[in-house]
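Overview (structure and organization)
Chain residues, written in single-letter form:
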Amino acid sequence: MEFTYNQIVHLNAELGEKGLPFHIHLKNSRSAGIEGYGACACSGKEELLNQTIEEFFLKEGIPIEFSENGYMFSPIN
C-alpha cells in the first residue's frame, strides 16, 4: 500500500480543522513525516495527533505504523 499526495493534503486539512498544530510531509509513497509548529503548541497533543492519523488512514483502508521516534509513519504491508 502507498500514500498519495491527495491523502496527505486531506489529512493536513483535517488536522487544521481539529486545531492540531502539526503538518504532514509526504517523504515518498511509502513514508510520511510529522512536523510540529513548536514545542509549546504541540505539547500534550501527540496522542490525539497519532489517533487522528491512524483513523484517517484506516478509513482509506491503509493500516499504518509509527517510527520509534514518532516523527514518521508508513503503511503496514
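Below is a short write-up of the structure.

So, how was this worked out
- Residues numbered from 1 in each chain as written.
- Predicted model: local features only at pLDDT ≥ 70, side-chain atom pairs only at ≥ 80, totals over all residues.
- Heavy atoms only, no water.
- Core = buried A, V, L, I, M, F, W, Y, C linked by side-chain atoms within 4.5 Å.
- Buried < 20%, exposed > 50% of the residue type's maximum accessible area, 1.4 Å probe, protein only.
- Helix = DSSP H or I, 4+ residues; strand = E, 2+ residues; numbered from the N terminus.
- Contact = heavy atoms within 4.5 Å.
- Phe/Tyr/Trp six-rings, centres within 6.5 Å; stacked < 30°, edge-to-face > 60°.
- Patch = residues over 30% accessible without salt bridge, like charges linked within 9 Å, V, L, I, M, F, W, Y side chains within 5 Å.
- Areas by Shrake-Rupley, 256 points an atom, 1.4 Å probe, with all protein chains shown as cover.
- Salt bridge = Lys/Arg side-chain N within 4 Å of Asp/Glu carboxyl O.
- Pairing = 2+ DSSP bridges.
- Axes fitted to C-alpha atoms, helices over the stretch in contact; angles between N-to-C directions.

Examining the nonpolar core
In this structure, L11, I24, I53, F57 and F73 are the most contacted members of the largest nonpolar core, which totals 17 residues. Sorting the residues of this core by element identifies helix 1 (5-17), strand 1 (22-28), strand 2 (31-36) and helix 3 (46-59) as the ones contributing at least two each. The element that contributes the greatest number of residues to this core is helix 3, accounting for 4 residues. For F73, the residues in contact, after removing those within four places along its chain, are F3, L11, I24, R30, S31, A32, I34, I53, F57, I64, E65 and F66.

Focus on the packing of aromatic side chains
Scanning the model with the defined rule gives 5 aromatic pairs in all. For the pair F56 and F57, a centre-to-centre distance of 5.0 Å together with 85° between the ring planes defines the contact as edge-to-face. Put simply, the rings of F3, F56, F57, F66 and F73 touch in pairs and so form one group of aromatic residues.

Topic: a nonpolar patch on the surface
A contiguous nonpolar surface patch, about 290 Å² in accessible area, is contributed by Y5, V9 and L26. Turning to its location among the elements, Y5 is positioned in helix 1.

Notes on the sheet that holds strand 4 (residues 72-75)
Pairing is antiparallel in the open sheet, where 4 strands are placed in the order 1-2-4-3. At either margin of the open sheet sits one strand with a lone partner, and together these are strand 1 and strand 3 (64-66). Strand-to-strand twist across the sheet, computed as the mean angle between neighbouring axes with direction ignored, equals 25°. In terms of strand pairing, strand 3 meets strand 4 through 3 bridges, oriented antiparallel. For E65, the partnering residue across the bridge sits in strand 4 and is S74. Across the sheet, helix 1 touches strand 1, strand 2 and strand 4, and the angle it forms with strand 1 is around 170°. Sheet strands in contact with helix 3 are strand 1, strand 2, strand 3 and strand 4, and its direction is about 155° off that of strand 3.

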